[in-house]
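If you want the building blocks of each chain, they are given just below.
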Amino acid sequence: MAFKQGEVYRCTDDSCGCELTVTKPAPSDCQGTSNPTCCCDKTMEKVEG
């Protein structure tokens, strides 16, 4: 799952609420499969929409 420009990820902890937006995409040959981790150590999920 390579990051794509414009994607938004949100912390799964409602009391944290941190979000990040991808401003530079990963190379097309990126083989990464992990979601980003928030500063509070929770896994962030992609916001659909």
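About the thresholds
- Residues numbered from 1 in each chain as written.
- Predicted model: local features only at pLDDT ≥ 70, side-chain atom pairs only at ≥ 80, totals over all residues.
- Heavy atoms only, no water.
- Core = buried A, V, L, I, M, F, W, Y, C linked by side-chain atoms within 4.5 Å.
- Buried < 20%, exposed > 50% of the residue type's maximum accessible area, 1.4 Å probe, protein only.
- Contact = heavy atoms within 4.5 Å.
- Disulfide = S-S within 2.5 Å.
- Phe/Tyr/Trp six-rings, centres within 6.5 Å; stacked < 30°, edge-to-face > 60°.

Participant: Any chance you could explain the nonpolar core here in plain terms?
Facilitator: If you look at soluble globular proteins, the nonpolar side chains tend to sit buried side by side. Membership of the largest hydrophobic core is limited to five residues, which are Y9, C11, V22, C38 and M44. For M44, the residues in contact, after removing those within four places along its chain, are Y9, R10, C11, C18, E19, L20, N35, P36, T37 and C38.

Participant: I would appreciate a short explanation of the state of the cysteines in the present structure.
Facilitator: What makes a disulfide is a covalent bond joining the sulfur atoms belonging to two cysteines. A complete count under the given rule lists zero disulfides for this structure. Here C11 is not cross-linked by a disulfide; its sulfur's nearest cysteine counterpart is in C40, at 3.5 Å. Exposure remark for C11: the relative accessible area of 5% places this residue in the buried category.

Participant: Would you explain the packing of aromatic side chains in this entry?
Facilitator: In this description, a pair of aromatic rings is defined by centroid distance and the angle of the planes. By the definition in use, this model includes one aromatic pair. For the ring pair F3 and Y9, a centre distance of 5.4 Å and an interplane angle of 75 degrees mean the geometry is edge-to-face. The exposure class of Y9 is buried, given its relative accessible area of 0%.

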